[in-house]
Amino acid sequence: MSTTLTRPRPTAAQPARRGRGSLLDALPTIASVAILLLMFVYGEAAYGKIFQYNTISNLFINSSYLIILAVGMTFVILTGGIDLSVGSVIAVSSLTGVFMANAGLPVVIVIPVTILVGSLFGLMSGVLVQYFNVQPFIATLAMMFLARGIASIMATTPVRLDDDSSFRSLSEPIKLIDGPKTNDLVVTPSVIIMILVVVAAVLVLKRTRFGRTVYAIGGAENSAGLMGLPVARTKLWVYLISGTLAGLAAVVYTSRTGIAQNVTGVGWELDAIAAVVIGGTMLTGGYGFVLGSVVGALVIGMMTLLITRDGTVPPEATTIITGGILLVFVLLQRVVLLRKKKKA
Amino acid sequence: MSAPAPGIGSRLKGLFSQQYAWGIVALLLLLAVDVIKDPSYLAITVNPTTGNLSGNLIDILRQSAPVLMIAVGMTLVVATRGIDLSVGSVMAVSGAVSMQFLSTAPNTAGSAFAALGMGLGLALVLGLVNGVLVAWVGLQPFITTLVMMLAGRGIARVITGGQNTAATNDAFRWIANGTVLGFPVVFVIAAVLVAAVAVLVRRTALGTMIEALGINPKASRLIGIRPGGLLLSVYALSALLAGLGGVFATASVMTVEVSRTGLNSELDAILAVVVGGTSLAGGKFSLTGSVVGALLITTLDKTIVFLSIPSAATPAFKAIVIVAVCLLQSERVRGWLRGRRAGRAPAQRPTPPSPAPSHSSPVAGPGGEPATSGSAGGAGTAGTDNDQKAVNA
């Protein structure tokens with residue numbers, strides 16, 4: 001994956017910098033896998049009932065929307081950009097979806113439109129970034145507030161999805177393994193959607209020309225342009241993908257909770273960024289993988305789970321812990337980058 | 001803007017070369033909307049017994065104080081190619097610590113001073129953490145301050161135990177609600193501080209050094225400007241001013257709402273800065289412009305409430321203003337406005353031309369890694385420069 005083609009930095013000709021998935025490159029990802037395993041072991045030892053079908057099932061069910069968001073964010077961050085708008089886009093998308101579903105529209109119309117609302121915001125961010133040279137975080141910050149404002153115009157109180165709405169069927173549990181009592185391995189259609197998204201993203205990034213262009217842009221945008229890669233189109237696409245996946249995450253989330261609010265998704269962009277960074281994707285772009293982001297999202301999901309199980313950690317401290325973990329991993333990236341520069 | 005006649009044209013050009021001229025136009029337009037709704041909107045009355053001025057304009061001045069504080073700090077941070085997304089959370093932290101202290105302290109001027117000191121002190125600490133991470137560790141400013149934005153909100157919650165702490169202290173309340181010579185105290189403090197910062201950066205070499213750092217980190221390093229101390233000071237100053245803004249915001253209601261105080265303030269500050277004509281790509285900054293921007297935002301806030309649009313929707317309007325200003329700043333749109341083709345190459349951000357724009361590639365986010373580019377650039381970045389030129393050619 002990390003050949004000279006995908007990471008055409010000016011100094012990439014030097015052999016030290018193109019070790020195929022060198023240990024240093026993968027260090028953050030290895031660290032995050034280790035942390036996830038440690039969390040499992042610690043959780044089992046301290047609170048018990050972690051290595052159980054239902055706990056694992058719930059971890060995936062509860063993390064599915066975050067994993068979908070993190071996958072979209074991975075694309076954007078790989079190009080060296082950022083998408084701060086995803087949390088707010090979820091609010092607009094899910095409100096749109098719930099209003100339409102409650103108005104009696106069939107679910108085959110509601111779900112695509114809900115997703116397309118996300119695509120629309122992604123498209124706007126992409127156009128601002130690519131065609132008007134607005135910095136990614138400013139463009140998406142503007143979209144974040146635009147979406148939040150629009151959501152607040154739509155409703156300022158929680159809107160409930162009708163109980164008999166077929167929208168909810170996306171979160172109907174499907175038993176895979178019937179364990180004793182409630183200890184079953186279950187998946188929901190949402191989890192299946194999440195898995196499909198992850199698989200598709202892995203394939204797109206690893207096996208397609210588009211995926212290689214994404215890595216190339218993150219490595220060195222100018223060089224990618226000089227090589228004749230379609231930089232503008234690709235950059236537009238990554239924001240479109242991120243927005244679309246935010247719309248999809250809204251569908252998944254709404255079907256599970258059945259409630260849409262204008263404050264849904266506040267701070268989720270940070271969770272998604274944290275998941276991507278923990279998973280080992282470089283914030284400067286050009287290096288990282290989707291599966292790492294999945295691990296990152298699971299680390300965050302696991303952290304929430306452990307904090308809930310523990311009960312002594314005040315919920316106020318959760319954001320500090322997430323921030324702390326994010327900071328540690330950003331620092332780790334910095335160390336990796338400095339080491340590489342020394343080597344080069 | 002097609003110039004009607006040479007004389008008027010050049011004068012117009014002179015006025016509109018100041019980017020904040022558009023901010024003033026927008027401000028006047030908003031006030032005009034208010035006046036259409038209520039013809040007596042601009043009236044200022046003098047209270048005959050106390051000599052206090054009152055009226056909507058005075059309210060705008062009062063409300064603009066916190067925004068002014070964070071906007072000034074943000075201007076300097078942005079000028080160094082950075083960004084400070086943590087200002088809103090820092091406001092909440094400083095408000096929380098002062099309120100928490102005052103809720104148990106005696107109602108004296110002494111405890112008001114102590115609360116002020118504690119709020120500003122904690123804000124300064126957070127700013128120094130930002131500054132150290134950006135200046136010496138070399139992290140990207142936006143991710144550093146994003147972490148602080150996340151953690152700061154949590155710290156504010158931990159300080160108050162998740163409560164919206166309220167307190168009573170007349171001296172502290174006076175900061176927000178009192179008057180000096182008829183003008184609100186907050187505005188007077190804010191104006192004095194803005195003037196002080198302006199004198200500090202414009203009457204010394206500090207401002208020029210900050211601009212040099214923002215225009216070209218590598219070149220500024222070569223002429224002997226050490227980025228570390230400068231970066232640390234601007235982030236510390238930004239947090240300190242945000243801390244004061246937090247005190248202003250909480251003192252007016254004597255309550256800190258841990259999840260709402262300072263919420264979205266970073267947007268206000270960024271908005272004020274871009275409206276004021278400071279490019280987000282760093283470099284030249286305009287404090288006057290940011291003041292205009294801050295006043296515009298406060299007026300926008302007030303107008304939205306005045307037109308009875310739900311205040312939860314304000315972010316949408318601000319976002320539209322930000323997008324509009326960013327579009328006006330982009331070369332492509334400027335090219336269109338000038339009636340010329342913007343050119344085949346991707347439009348450059350309005351950075352002043354520099355011999356080695358090593359970090360002006362759009363992908364580099366908010367300034368890439370300013371702290372390291374000076375020391376660790378070397379042959380590699382020179383290659384990028386050539387690529388950049390080749391693309392632009």
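Scroll up for the structure.
Report on the accompanying structure. (Residues numbered from 1 in each chain as written. Chains lettered and ligands numbered in written order. Predicted model: local features only at pLDDT ≥ 70, side-chain atom pairs only at ≥ 80, totals over all residues. Heavy atoms only, no water.)

1. Observations concerning the overall build of chain B
Part 1: Assigned secondary structure in chain B consists of 17 helices and four strands.
Part 2: Within chain B, buried positions represent 53% of all 393 residues.
Part 3: Relative to all contacts within chain B whose residues are 6 or more apart in sequence, the contacts with residues 24 or more apart total 76%.
Part 4: Total accessible area on chain B stands at roughly 15800 Å², and carbon and sulfur atoms take up 66% of it. (Helix = DSSP H or I, 4+ residues; strand = E, 2+ residues; numbered from the N terminus. Buried < 20%, exposed > 50% of the residue type's maximum accessible area, 1.4 Å probe, protein only. Contact = heavy atoms within 4.5 Å. Areas by Shrake-Rupley, 256 points an atom, 1.4 Å probe, with all protein chains shown as cover.)

2. Focus: the overall build of chain A
Part 1: The helix and strand tally for chain A stands at 12 helices and four strands.
Part 2: Scaling as 2.2 N^0.38, a compact globule of 344 residues should have a C-alpha radius of gyration of about 20 Å, and chain A matches this with 20 Å.
Part 3: With respect to the three principal axes, the spread of C-alpha positions in chain A is 60 × 50 × 35 Å.
Part 4: Counting every position in chain A, which comprises 344 residues, the buried fraction comes to 60%. (Rg over C-alpha atoms; globule rule 2.2 N^0.38 Å.)

3. Focus: the interface of chain A and chain B
Buried accessible area, meaning the area lost when the parts come together, often serves as the stated size of an interface.
Part 1: Taken together, the contacts link 48 residues of chain A with 57 residues of chain B.
Part 2: Interface of chain A and chain B: buried area, both sides summed, is about 4600 Å²; carbon and sulfur atoms make up 76% of it.
Part 3: At the junction of chain A with chain B, the criterion picks out zero salt bridges.
Part 4: If you list the elements that add at least two residues to the side of chain A that touches chain B, you get α4 (107-131), α5 (136-154), α8 (221-226), α10 (268-278) and α12 (317-343) of chain A.
Part 5: Of the residues belonging to the side of chain A that touches chain B, the class tally is 29 nonpolar, 14 polar and five charged. (Buried area = accessible area lost by both parts, 1.4 Å probe. Salt bridge = Lys/Arg side-chain N within 4 Å of Asp/Glu carboxyl O. Nonpolar A, V, L, I, M, F, W, Y, C, P; charged D, E, K, R; others polar.)

4. Thoughts on the packing of aromatic side chains
Part 1: Counted by the stated rule, this structure contains eight aromatic pairs over all chains.
Part 2: Between the aromatic rings of Y65 of chain A and Y253 of chain A, the centroid separation amounts to 5.2 Å while the plane-to-plane angle is 70 degrees, which identifies the pairing as edge-to-face. Here the residue Y65 of chain A occupies a position in helix α2 (residues 53-78), and Y253 of chain A occupies one in helix α9 (residues 231-257), the gap between them amounting to 188 residues.
Part 3: Three or more aromatic residues joined by ring pairs form one cluster here, namely Y65, Y253 and W268 of chain A.
Part 4: Over the aromatic face of F306 of chain B sits the side chain of K37 of chain B, whose NZ or CZ is 5.2 Å from the ring centroid.
Part 5: R202 of chain B extends its terminal NZ or CZ atom over the ring of F285 of chain B, reaching a point 4.2 Å from the ring centre. (Phe/Tyr/Trp six-rings, centres within 6.5 Å; stacked < 30°, edge-to-face > 60°. Lys NZ or Arg CZ within 6 Å of the ring centre and 35° of its normal.)

5. Some remarks on the pattern of salt bridges
Residue and element names in this part refer to chain B.
Part 1: Tallied over the entire structure, the rule returns six salt bridges over all chains.
Part 2: Between K302 and D59 there is a salt bridge whose closest N-O contact spans 3.9 Å. Here D59 lies in helix α3 (residues 56-79) and K302 lies in helix α13 (residues 287-306), a separation of 243 residues in the sequence.
Part 3: Judged by its relative accessible area of 15%, K302 falls in the buried class.
Part 4: Judged by relative accessible area, D59 falls into the partly exposed class, the value being 29%.
Part 5: Between R202 and E211 there is a salt bridge whose closest N-O contact spans 3.4 Å.
Part 6: Classification of R202 as partly exposed rests on a relative accessible area of 40%.
Part 7: What makes E211 buried here is its relative accessible area of 10%.
Part 8: Shared partners join several salt bridges into a network, and the residues in it are R202, E211 and K284.

6. Observations regarding α9 of chain A
All names here are of chain A.
Part 1: Taking 1.5 Å as the rise per residue, α9 with 27 residues should run 39 Å; its terminal C-alpha atoms sit 39 Å apart, in good agreement.
Part 2: Buried residues dominate α9, accounting for 21 of its 27 residues.
Part 3: Following α9 by one or two positions, G258 adopts a phi angle in the positive range, close to 70 degrees. (Expected span 1.5 Å × (residues − 1).)

7. Examining the nonpolar core
Part 1: V71, I273 and M302 of chain A together with I83, F172 and I270 of chain B are the most contacted members of the largest nonpolar core, which totals 193 residues.
Part 2: Among the elements that line this core, the one with the most residues is α2 of chain A, at 14 residues.
Part 3: L24, A26, M282 and V336 of chain A belong to the second largest nonpolar core, which has six residues in total. (Core = buried A, V, L, I, M, F, W, Y, C linked by side-chain atoms within 4.5 Å.)

8. Examining helix α6 (residues 141-160) of chain B
Part 1: Look at α6 of chain B: 28 Å from first C-alpha to last across 20 residues, which is about the 28 Å you get at 1.5 Å a residue.
Part 2: At the exit of α6 of chain B stands G161 of chain B, carrying a positive phi of roughly 65 degrees.

9. Brief notes about the environment of P28 of chain A
Residue and element names in this part refer to chain A.
Part 1: Relative to the helices and strands, P28 resides in helix α1 (residues 23-46).
Part 2: In the structure, P28 is positioned 313 residues away from K341 in sequence and 17 Å away in space, judged by C-alpha atoms.
Part 3: In this view, P28 contacts I278, G280, F329, L332 and V336; residues no more than four positions away in its chain are not counted.

10. Looking at the packing of α4 of chain A against α5 of chain A
Residue and element names in this part refer to chain A.
Part 1: In the contact formed by α4 and α5, the axes pass within 9 Å of each other and the chain directions differ by 150 degrees. Classed by the angle they form, the pair α4 and α5 counts as roughly antiparallel. Crossing of α4 against α5: the hand is right-handed. Here α4 contributes F121, M124, S125, L128 and V129 to the contact with α5, which in turn contributes P136, A139, T140, M143, L146, A147 and I150. (Axes fitted to C-alpha atoms, helices over the stretch in contact; angles between N-to-C directions. Parallel < 35°, antiparallel > 145°, perpendicular 65-115°, else oblique. Left-handed = near helix turned anticlockwise from the far one by under 90°.)

11. Side note on the environment of D162 of chain A
Residues and elements named next belong to chain A.
Part 1: Relative to the assigned elements, D162 resides in the loop between β1 (159-160) and β2 (174-177).
Part 2: The exposure class of D162 is partly exposed, given its relative accessible area of 33%.
Part 3: The spatial distance from the C-alpha of D162 to the C-alpha of G104 is 9.6 Å, given a sequence separation of 58 residues.
Part 4: Dropping the residues within four chain positions of it, D162 is found in contact with N102 and R168.

12. Focus on a nonpolar patch on the surface
Residue and element names in this part refer to chain A.
Part 1: Together, Y53, I174, L176, I177, I192 and L196 make up an exposed nonpolar region whose accessible area comes to about 540 Å².
Part 2: Listed by contribution, the elements that provide at least two residues to the nonpolar patch are β2 and α6 (189-207).
Part 3: With three residues, the single largest contributor to the nonpolar patch is β2.
Part 4: Among the structural elements, L196 can be located in helix α6. (Patch = residues over 30% accessible without salt bridge, like charges linked within 9 Å, V, L, I, M, F, W, Y side chains within 5 Å.)

13. With respect to unusual backbone geometry
Part 1: Of note in this structure, N133 of chain A is not a glycine but carries a positive phi near 55 degrees.
Part 2: Looking at where N133 of chain A falls in the secondary structure, it is placed in the loop between α4 and α5.
Part 3: Classification of N133 of chain A by relative accessible area gives buried; the value is 9%.
Part 4: Here the phi dihedral of M254 of chain B falls at roughly 55 degrees; this positive angle occurs in a residue that is not glycine.

14. Quick notes on the side chain of D271 of chain A
All names here are of chain A.
Part 1: Its place among the elements puts D271 in helix α10.
Part 2: The side chain of D271 is buried and forms no salt bridge, while R256, the nearest opposite charge, is found at 11 Å.
Part 3: Apart from residues no more than four positions distant in its own chain, D271 is found in contact with L66, I300 and T322. (Lys, Arg positive; Asp, Glu negative; His and termini not counted.)

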